[in-house]
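Working through the structure, step by step
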Amino acid sequence: MASLHKIIFATSALALGVAVPAIAEELNIYTTREPGLVQPLLDAFTAETGVTVNTVFLQDGIIERAKAEGESSPADILMTVDFGNLIDLVDAGLTQPIQSDVLSAAIPETLRDKDGNWFALSSRARVVYAAKDLDLDAITYEQLADEEWKGRLCIRSGQHPYNTATFAAYLAKHGEEATKTWLEGIKANQARAAAGGDRDGARDIAAGICDIALANSYYVGLMASGAGGDEQKAWADAIKVILPTFENGGTLVNISGAAVAKHAPNKDQAVKLLEYLVSPAAQKIYAEANFEYPVNASAEVHPIIAAFGTLTPDSLALSDILPFRKRASELVDEVNFDTFSN
Amino acid sequence: MAANAPLARTRNPISAWTAVAAATAVLVFVPILVIVFTASADTGDLWGHLLVNVLPQSAWNTGVLLLGTGIIATMVGTGAAWIVSAYEFKGRGVLEWALLLPLAVPTYIMAYAYLDILNPLGPVQGTIRWVLGYSSPRQFRLPDIRSMWGAIVVFGFVLYPYVYLTTRAMFLTQAANLVEVSRTLGVSRNMVFWRVALPLARPAIAVGVALTLMEVLNDVGASQFLGVRTLTASVYTTWIVRTDLAGAAQIATAMLTLVLLLLVLERWARRNQRYASNAQRARPMPAQKLRGWQAALALCLGLTPILIGFAGPAIYLISSAIKRLDFAGFSPSLLRATVNTVTISSLATVLILSLGFAVAYAARVRTGPVTQGFSRIATLGYAVPGTVLAIGILVPVAAFDRTLDGFLRANFGLSSGLLLLGSGAALLYAYSARFLAISTGGIEAGLSRIPLSYDHAARTLGHSASGTLLRVHLPLSRTALIAAALLVFVDCMKELPATLLLRPLNFDTLATLLYGEAARGTYEDASLAAILLVAIGILPVILLARTGRPRKP
């Protein structure tokens, strides 16, 4: 049997290609960003520099994988969709500080770590989709819990990172009691189970299941541009987008970002890629292919997204929201947010 | 352990089986130990919070979901198996294999297909509105599939083949003589099912239902789509959203304990039942010919689960894949993912079958608590949610890789990189740990049909141990081996959480490709990957149906 093991192992190693050889012009990325979103950027980078980029999409467990691999890890860049995940990587000691004038010049101070451990690459707003014919031009996050929306609101699972980040911001601003009451109000307003993705909000508005939905800004671009097919275009046509604000505040903005891995074997290339990703050329791809807000002020917002109105990000820093994430997630459990009973 | 084992009857071959079985058991046990160890960390007031706010609801949800799915799977699986075994009617030949087709559809694909099909804007509600004369979905609403009943129907109709498969095999190999005897004793044709076939099939049903329910427990995607918050979702939330791996491991360990308890109970409940070993070529029971409306009814009953569990989602996937092909074309990454999927699943199947055979065979040639224990341990992996098992494997595998790499660097100035993680060997490990239960169980059942007297006879007639293996055991358990191989292959192809976490750079399978798109909400881009996954799964499933059928004398 021992020989059988060897044969199987050797065959599998051959079939799968044994560990990536350490050729200089290569770069390895662990990402929680969906491949469809980052690939156009990486392809453009390869076309420009000739550096081959290898990726693995790790939806969850990027921390566990990088930690377990330690100093043998091939990862050069760790890329995440959400600010919370990014900081978790830094806290777990899996990143290294980078000093780069290019990065400092391109990214505003609030969107990067002062020690250079992480950098924002793009941002998105947590917006409200509303039925097109609805008489509604402005709304606050607080008003989402108002009784007038009873049975009219669609939202994805309260435990999804997009929502826990939103609830954590509310918690940071209003405290625990108020947040719990607010969450109970939103739960009572649900038109269906809190499930699915952000796009389902638009589709369910088109289908008449709900009148408003809480979702991310960039999905509208993906739907409205027709890149997802005619059906999705119809969903986008059924809604209008409102940039909500907090009372006495602005709109909630989250980021996607990246860090250079602590044991990066190709550190120079990694920095090169980060610098490329915030360059006007790459930021244009973010805007055109992903419909996100660029972090580089010199890059333009896509017209579909610009049509929502002027974005005024809330003054509360992401790093001030972060400590409330866990408690926000517990509050979601406490109000039994995801169990539909209306 | 070895010291307590009974003495070997002959030396070398037998101790080799035991050694491999022991090694396999250790390999499966290591990730579980890692999980239990992870769970031992202090997690503050986690359980206070869970007991008050999470467990009552998610335990209730999980219970209802398991019960509902179990009932549907048992009724549909057993009923369908009986119809195609006991009756002869037009279309039976097709039903026999087509009833297995839902096996090729992963639960998460089934869930999102039905979300689209039954959406107010989808074809079904659209047609109903058109018939009733409503112009807008706002005027007319049907119940939302995003609910408990939706989840129960989805799981029940995609997973019933596990019950169908085991029960049909039982009917085919056991029923003939017993049906004849009971008929002679005056039991009516209809009562045979209730009084003879069903009680006899109980262990087979139990095995099928156990597999079904573990699949439900392992699911994250489908229940997430359908808005049903289960215990597995709580594990997930605790780990990901609250970055509390130890807490997640604690919930997982508690779940595992519960599952093991149920399995032990089930085994204990039928401790006194023994099943006739009938190694002769199975004789199918004489099927009763049905005509007219009875034949039509049987056909309809048989077709319904196929329509719901397979045809519905398949037609939907084909139509959206065609739309997508027109729109975006066929990407090379799909082709690569297809090759990867088939390659890794084939390798894993060979490995899992070999190990499963060793474990089952060791328990046969050297009966006793130790070898029995190995086979119990080897099947533990199936009871752990896939996401959690993946973490349990990641830690020791990465530790091995690091140690080797560090040693080579320090002593030889060489780097092995991540040998197991980087080569995909970690994936083979994960699949083995997870699906050994299927191969071991299937092979054990196959071997148990061969009476021990055959072994004695073969040995008396001068065959060596390996000769007995080659001339008696392998040929007589061939059907069970093939069936186990096909089932394992299909399951490896569909596997998602471990593949997602443990695969090397630039290595996608159809399942991970699909998930990447679905996570982003771009289901339409995923439809091609989904249809390929289902299409590749169909072939082994059809072969699987053929293996159970006794050869014509």
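Described in the following lines is the structure provided in the data block. (Residues numbered from 1 in each chain as written. Chains lettered and ligands numbered in written order. Predicted model: local features only at pLDDT ≥ 70, side-chain atom pairs only at ≥ 80, totals over all residues. Heavy atoms only, no water.)

Moving on to the overall build of chain B. Regarding its fold elements, chain B presents 22 helices and two strands. Its C-alpha radius of gyration of 25 Å places chain B within 12% of the 24 Å reference for a compact globule of 553 residues. Taking the principal axes of the C-alpha coordinates as reference, chain B spans close to 80 × 80 × 50 Å. The buried share of chain B, reckoned over its 553 residues, is 58%. Taking the intrachain contacts of chain B between residues at least 6 apart in sequence as the baseline, contacts between residues at least 24 apart amount to 83%. Only carbon and sulfur atoms are counted for the fraction: they give 68% of the accessible area of chain B, which is about 23200 Å². Looking at charge distribution, chain B has the averaged site of its 43 positive side-chain charges lying 14 Å from that of its 22 negative ones. (Helix = DSSP H or I, 4+ residues; strand = E, 2+ residues; numbered from the N terminus. Rg over C-alpha atoms; globule rule 2.2 N^0.38 Å. Buried < 20%, exposed > 50% of the residue type's maximum accessible area, 1.4 Å probe, protein only. Contact = heavy atoms within 4.5 Å. Areas by Shrake-Rupley, 256 points an atom, 1.4 Å probe, with all protein chains shown as cover. Lys, Arg positive; Asp, Glu negative; His and termini not counted. Charge placed at Lys NZ, Arg CZ, Asp CG, Glu CD.)

A separate point is the nonpolar core. Among soluble globular proteins, nonpolar side chains are generally buried collectively. Membership of the largest hydrophobic core comes to 185 residues, with the highest contact counts inside it found for B:Trp82, B:Tyr112, B:Phe225, B:Leu502 and B:Leu514. Ranked by the residues each element gives to this core, the list is headed by helix α12 (residues 332–365) of chain B, at 16 residues. Setting aside anything within four residues of it in sequence, one finds B:Phe225 in contact with A:Ala195, A:Gly196, B:Tyr108, B:Ala111, B:Tyr112, B:Leu115, B:Arg146, B:Ala518 and B:Tyr523. Counting 111 residues, the second-largest nonpolar core is a separate cluster that includes A:Leu171, A:Ala202, A:Val241 and A:Ile242. (Core = buried A, V, L, I, M, F, W, Y, C linked by side-chain atoms within 4.5 Å.)

Next up on the list: a nonpolar patch on the surface. Residue and element names in this part refer to chain B. Together, Trp 130, Val 131, Leu 132 and Tyr 134 make up a nonpolar patch on the protein surface, roughly 490 Å² of accessible area in all. Checked against the element boundaries, Leu 132 lands in helix α5 (residues 123–132). Look at Leu 132 and you get partly exposed, because its relative accessible area is 48%. (Patch = residues over 30% accessible without salt bridge, like charges linked within 9 Å, V, L, I, M, F, W, Y side chains within 5 Å. Salt bridge = Lys/Arg side-chain N within 4 Å of Asp/Glu carboxyl O.)

This next bit is on the packing of aromatic side chains. The description of two aromatic rings rests on the distance between their centres and on the angle between their planes. All names here are of chain B. The tally for this structure, following the rule as stated, stands at 17 aromatic pairs over all chains. Seen from their ring centres, Trp 82 and Phe 171 are 5.2 Å apart, and the 75° between their planes marks the pair as edge-to-face. One end of the pair, Trp 82, is in helix α2 (residues 46–86); the other, Phe 171, is in helix α6 (residues 148–184), with 89 residues separating them in the sequence. Residue Phe 171 is classed as buried on the basis of its relative accessible area, which comes to 2%. (Phe/Tyr/Trp six-rings, centres within 6.5 Å; stacked < 30°, edge-to-face > 60°.)

A few words now on the side chain of B:Asp455. All names here are of chain B. Within the secondary structure, Asp 455 sits in helix α17 (residues 452–460). Given the relative accessible area of 9%, Asp 455 is considered buried. A polar side-chain atom of Asp 455 sits 3.0 Å from a polar atom in the side chain of Arg 364. When residues no more than four places from it in sequence are discounted, the contact partners of Asp 455 are Arg 364, Thr 468 and His 473. (Polar contact = N/O pair within 3.5 Å; in protein donor to acceptor, adjacent residues only side chain to side chain.)

Our focus in this paragraph is helix α2 (residues 35–49) of chain A. Spanning 15 residues, α2(A) covers 20 Å between terminal C-alpha atoms, matching the ideal 21 Å at 1.5 Å per step. Of the positions making up α2(A), those classed as buried are A:Leu37, A:Val38, A:Leu41, A:Leu42, A:Ala44 and A:Phe45. Along the axis of α2(A), the buried positions cluster into a sector of 155°, meaning they face one direction only. In this fold, the buried residues of α2(A) make contact with β1 (26–31), β2 (52–57), β3 (77–80), α11 (267–277) and α12 (280–290) of chain A together with α21 (510–520) of chain B. A positive backbone phi angle near 80° is found at A:Gly50, which sits one or two residues after α2(A). (Expected span 1.5 Å × (residues − 1). Arc of directions from axis to C-beta.)

Attention shifts here to the interface of chain B and chain A. By convention, interface size is frequently given as the accessible area that disappears when the constituent parts associate. Across the boundary between the two partners, chain B contributes 72 residues, which contact 80 residues of chain A. The interface formed by chain B and chain A contains six salt bridges. The closest approach of N and O atoms between B:Arg146 and A:Asp204, which form a salt bridge, is 3.0 Å. Along the contact surface separating chain B from chain A lie 19 residue pairs in polar contact (both at pLDDT 80 or more). For the side of chain B that touches chain A, the residue count by class is 37 nonpolar, 19 polar and 16 charged. (Nonpolar A, V, L, I, M, F, W, Y, C, P; charged D, E, K, R; others polar.)

In this structure, A:Asp338 sits in the segment after α15 (325–334). It turns out A:Asp338 is buried and unbridged, and the closest side chain with the opposite charge, B:Arg229, is 4.2 Å from it. Reaching out from A:Asp338, the side chain makes a polar contact with the backbone nitrogen of A:Gly158 at a distance of 2.8 Å. With near-sequence residues (within four places) excluded, A:Asp338 lies in contact with A:Ser157, A:Gly158, A:Gln159, A:Ala194, B:Gly227 and B:Arg229.

At A:Phe291, a residue that is not glycine, the phi angle is positive and equals roughly 60°. A positive phi angle, near 45°, is found at B:Thr243, a position not held by glycine. Within the element layout of this structure, B:Thr243 appears in the loop between α9 (231–240) and α10 (245–269).

For the rest of this paragraph, the subject is the pairing of strand β4 (residues 119–131) of chain A. Residues and elements named next belong to chain A. The element β4 is extensively covered by neighbouring structure, given that 13 of its 13 residues are classed as buried. Bridging between β4 and strand β9 (residues 293–294) involves two bridges; their strand directions are antiparallel. For Ser 123, the partnering residue across the bridge sits in β9 and is Tyr 293. One ladder, built from five bridges, connects β4 with strand β6 (residues 212–216); its direction is antiparallel. Note that in β6 the partner of Arg 126 across the bridge is Asn 216. Sheet analysis places β4 next to strand β7 (residues 239–242), joined by four bridges and oriented antiparallel. Bridging across to β7, Tyr 129 finds its partner in Val 241. (Pairing = 2+ DSSP bridges.)

Another aspect to go through is the pattern of salt bridges. Scanning the model with the defined rule gives 29 salt bridges over all chains in all. Between A:Asp204 and A:Arg192 there is a salt bridge, with the nearest N and O atoms lying 2.6 Å from each other. With a gap of 12 residues between them, A:Asp204 in helix α8 (residues 198–206) and A:Arg192 in the loop between α7 (176–189) and α8 connect regions that are remote in the sequence. Each member of the pair A:Asp204 and A:Arg192 is classed as buried. B:Asp455 is the salt-bridge partner of B:Arg364, the closest N and O atoms lying 3.0 Å from each other. Of this pair, B:Arg364 sits in helix α12 while B:Asp455 sits in helix α17, and the two are 91 residues apart along the sequence. For the pair formed by B:Arg364 and B:Asp455, the shared burial category is buried. A cluster of three or more residues bridged by salt bridges with shared partners is formed by A:Glu176, A:Lys180, A:Lys326, A:Arg327, A:Glu330 and A:Glu334.

By themselves, these figures tell us nothing about what the structure is for.
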